[in-house]
Amino acid sequence: MTMDFIISAIVTVVGISTPILLAATGELVVEKSGVLNLGVEGMMLIGAITGFAVTFTTFNPWLGVIAAAAAGAAVSMVFGVLVLSLGSNQVATGLALAILGIGLSTLIGAGFTGMIVPQFSSIFPSVLSHDPFWRVIFGYSPMVYIALAIIFAVGWVLNYTRAGLVLRAVGENDLSAHSIGYSVIGIRYMAIAFGGAMAGIAGSYFSMVITPMWAERMTAGRGWIALALVVFAGWKAGRLVIGAYLFGALMTLELYAKASGFQFLPSQFWASMPYIMAIVVLAVISYRDRTGSEAPACLGKPFLPNS
Amino acid sequence: MTLMNRRNFIKTVSATIALPAMAAKSFGADTLKVGFAYLGPVGDFGWTWAHDKGRKFMVDQLGGKVVGDYVENVAEDASAVPVIRDLAQSGHNLIFTTSFGYMDQTIQVAKDFPKVMFEHCTGFKRADNVSTYNSRFHEGRAVLGTIAGMMTKTGTIGYLGSFKVPEVVMGVNAFTLSAQAVNPNVKVKLVMIDSWFDPAKEAAATETLANLGCDIITSHTDSPATLQVCEQKKLYGFGQGADMSKFAPNAHLTAIEDIWGPYYLSRANAMLDGSWKSTDTWWGFKEGSVVISPYNAAMPKEVAAAADKIQAGWKDGSYNVFTGPIADQSGAEKVAKGVVMADGDLAGIDWFVKGVEGA
């Protein structure tokens with residue numbers, strides 16, 4: 001096993017993990033504020049088609065990403081109005097948002113099938129980004145670095161700033177936060193919009209970075225994995241990074257094992273690996289739950305101060 | 001005096017709605033209405049797109065004698081039944097259901113409409129008014145295998161599959177056998193991604209195969225992801241189902257195109273002249289169901305000549321990639337020397353030939 005081989009494998013892992021990390025980071029903030037938005041998959045697809053369409057028309061991938069974030073945030077506001085202002089059930093509304101996003105992206109994308117868009121150029125000089133060794137650090141799409149920067153910023157804000165403390169307070173005890181004068185609804189709106197924007201960017205990673213094209217349902221269920229990842233990570237930003245890369249590493253390992261013809265484990269075992277992992281992690285979390293849950297206390301509960 | 005209960009009300013209302021629509025569509029008495037149930041959207045640039053191209057071809061060729069309607073995004077579950085039933089009820093005399101997952105639903109609806117003729121794509125259940133049809137895509141795979149076997153420099157070719165189903169296994173085997181015929185030491189590394197459509201996983205699998213030394217990577221999944229990764233990595237690949245050179249102008253060597261038009265035309269003609277019978281059709285190069293896209297200019301002349309020769313061989317019947325001796329992965333002989341595998345054996349094939357690694 002040469003160095004080049006290992007580096008190529010790492011590049012694959014990072015590539016496949018990044019969109020999940022982006023979407024999960026957004027959902028982490030949403031859930032920290034006490035709201036469960038299950039519509040990540042739908043918002044990602046809206047971001048994917050918007051990013052693609054804008055890049056296709058403007059030839060500028062940066063504009064595409066910004067538009068994807070805006071579209072994701074906009075569609076998340078539909079969810080926001082329903083669950084925050086109208087007090088509808090968060091689980092049902094989130095699922096509806098997922099379905100809406102799938103349908104809407106298909107509708108918008110009908111005219112964009114079979115087209116391709118220009119890709120991001122590297123932000124580092126070619127000497128570094130194409131160097132056989134240094135590409136392991138400098139050889140990625142700019143979106144990879146942006147994703148990492150965002151997750152570190154989110155982790156820092158949540159744990160070390162006043163804004164993060166307020167957000168957590170709203171998620172842990174909405175009535176107390178309300179009684180000392182914080183706008184629970186307003187803060188939750190902002191959190192949902194941030195989650196939507198992150199999901200939108202994550203979606204655009206599929207249509208602009210991994211494969212620069214649009215195809216219906218091209219995120220192929222990654223939004224659901226991002227949701228699960230937030231739970232696995234125990235609502236902690238640091239563990240989210242590890243979890244996302246671990247997921248990418250497992251999937252890449254599966255592909256290498258299959259291509260190398262390792263017959264000691266049947267293909268069905270590898271295919272069921274994510275689910276086995278899910279059960280193991282959930283078991284660990286449930287065990288820890290006995291000593292106190294890590295989930296935000298108000299997660300999924302509507303805020304109705306006057307009822 | 002009829003009671004206006006809910007059921008009657010619905011009947012009356014739908015009849016009122018349907019009447020003008022039917023009047024508008026009443027062409028001559030000999031106008032044939034053909035209906036299609038599609039798996040995906042017509043713009044999927046793959047499976048459904050190819051079927052719709054076939055439908056348009058049929059309509060164009062027959063001028064005013066035929067009307068072709070379709071329903072897209074039909075799920076492969078019980079919800080396909082009302083869709084097919086609606087097509088039959090709204091006066092379509094010939095109905096094509098274009099995915100494997102509509103098999104039982106087609107048979108079920110066909111029982112209630114003995115005067116409507118049905119055609120199910122890729123299935124194996126037939127009835128007096130239900131035919132089946134498919135294409136010999138593996139014939140095209142033999143052309144790709146020949147090209148890949150001649151052009152690979154590393155001697156290792158990547159193959160991205162979806163599931164271990166006969167259609168995919170057939171393709172892998174045809175590809176490998178034809179590549180070995182021109183390059184005896186060639187190895188084919190196979191990865192099944194357990195999905196027909198997952199661009200991110202297809203891309204990751206392509207990167208994996210490239211890292212394992214494959215310099216040509218072909219795929220049997222529905223997106224152009226493999227080609228796009230090949231383009232970025234300056235490797236070669238092939239289009240699947242349609243000419244995908246637009247997605248990867250340099251990497252795209254050629255593609256297998258699914259051409260359904262001639263079949264749809266022949267079946268519509270059979271309806272018009274009253275000769276329609278329940279059959280099982282499996283067309284290939286000879287009948288024009290499988291077509292190879294224009295070659296990439298980067299392909300050397302002798303490779304193009306060899307590829308042309310395989311195509312010509314399929315057409316005149318002088319070539320069949322599944323001619324023995326053929327051994328499976330363990331080396332055991334599956335087909336004896338000089339014997340050609342029967343269609344029935346091919347249709348249920350579940351073993352890979354020697355030289356296929358992985359899966």
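For the structure itself, look to the data block above.
Residues numbered from 1 in each chain as written. Chains lettered and ligands numbered in written order. Predicted model: local features only at pLDDT ≥ 70, side-chain atom pairs only at ≥ 80, totals over all residues. Heavy atoms only, no water.

Draft legend 1. Spotlight on the packing of aromatic side chains. Residue and element names in this part refer to chain B. Taken as a whole, this structure holds 27 aromatic pairs over all chains when the rule is applied. Ring geometry for Phe 36 and Tyr 264: centres 5.0 Å apart, planes at 75°, overall edge-to-face. Linking Phe 36 in strand 1 (residues 32-37) with Tyr 264 in helix 9 (residues 261-272), this pair joins segments that are 228 residues apart in sequence. The buried category is assigned to Phe 36, whose relative accessible area is 0%. Residue Tyr 264 is classed as buried on the basis of its relative accessible area, which comes to 0%. For the cation-ring pair, Arg 136 lies above Trp 282, with the distance from its terminal atom to the ring centre recorded as 4.3 Å. (Phe/Tyr/Trp six-rings, centres within 6.5 Å; stacked < 30°, edge-to-face > 60°. Helix = DSSP H or I, 4+ residues; strand = E, 2+ residues; numbered from the N terminus. Buried < 20%, exposed > 50% of the residue type's maximum accessible area, 1.4 Å probe, protein only. Lys NZ or Arg CZ within 6 Å of the ring centre and 35° of its normal.)

Draft legend 2. Up close: the nonpolar core. The biggest cluster of nonpolar side chains holds 108 residues, and the ones touching the most others in it are Leu28(A), Trp214(A), Leu240(A) and Val191(B). The element best represented in this core is helix 10 (residues 184-210) of chain A, accounting for 15 residues. Among all residues touching Leu28(A), those that are not within four sequence positions of it are Val154(A), Leu158(A), Val230(A), Trp235(A), Lys236(A), Ala237(A) and Leu240(A). (Core = buried A, V, L, I, M, F, W, Y, C linked by side-chain atoms within 4.5 Å. Contact = heavy atoms within 4.5 Å.)

Draft legend 3. Up close: the environment of Gly239(B). Residues and elements named next belong to chain B. Looking at the secondary structure, you find Gly 239 in strand 9 (residues 236-241). For the pair Gly 239 and Met 150, spaced 89 residues apart in the sequence, the C-alpha separation amounts to 18 Å. When near neighbours in sequence (up to four residues on either side) are disregarded, Gly 239 contacts Leu 227, Met 244, His 252, Thr 254, Ala 255 and Ile 256.

Draft legend 4. How the structure looks around the interface of chain A and chain B. With 34 residues of chain A in contact, the opposing surface of chain B contributes 34 residues. Buried area between chain A and chain B, both sides added, is near 2,600 Å², and the carbon and sulfur share of it is 60%. On the chain A side of the interface with chain B, the three residues burying the most area are Leu255(A), Lys258(A) and Ala259(A), jointly 20% of the side's total. Counting the contacts that link chain A with chain B gives three salt bridges. Between Asp198(B) and Arg222(A) there is a salt bridge; the shortest N-O distance is 3.1 Å. For the pair chain A and chain B, the number of links is 10 residue pairs in polar contact (both at pLDDT 80 or more). At the level of elements, helix 1 (3-32), helix 10, helix 12 (237-259) and helix 13 (267-289) of chain A are the ones that each hand at least two residues to the side of chain A that touches chain B. (Buried area = accessible area lost by both parts, 1.4 Å probe. Salt bridge = Lys/Arg side-chain N within 4 Å of Asp/Glu carboxyl O. Polar contact = N/O pair within 3.5 Å; in protein donor to acceptor, adjacent residues only side chain to side chain.)

Draft legend 5. Spotlight on the side chain of Gln240(B). All names here are of chain B. By the secondary structure assignment, Gln 240 is in strand 9. Here Gln 240 falls in the buried class, since its relative accessible area comes to 15%. For Gln 240, the side chain forms a polar contact with the side chain of Arg 141, separated by 2.6 Å. Ignoring any residue separated from it by four or fewer positions in sequence, one finds Gln 240 in contact with Arg 141, Ser 219, His 220, Thr 221, Ala 255 and Ile 256.

Draft legend 6. Here's a closer look at the pairing of strand 8 (residues 216-219) of chain B. Residue and element names in this part refer to chain B. Residue alternation in strand 8 divides its side chains into two sets, Ile 216 and Thr 218 and Ile 217 and Ser 219, and both sets are buried. Two strands pair when backbone bridges link them, and strand 8 and strand 9 are joined in this way by two bridges, in the parallel orientation. By the bridge assignment for strand 9, Ile 216 is matched with Tyr 236. Taking the sense of rotation as the criterion, the β-α-β connection linking strand 8, helix 8 (residues 225-233) and strand 9 turns out right-handed. (Pairing = 2+ DSSP bridges. Right-handed = clockwise from strand over helix to strand, strands pointing away.)

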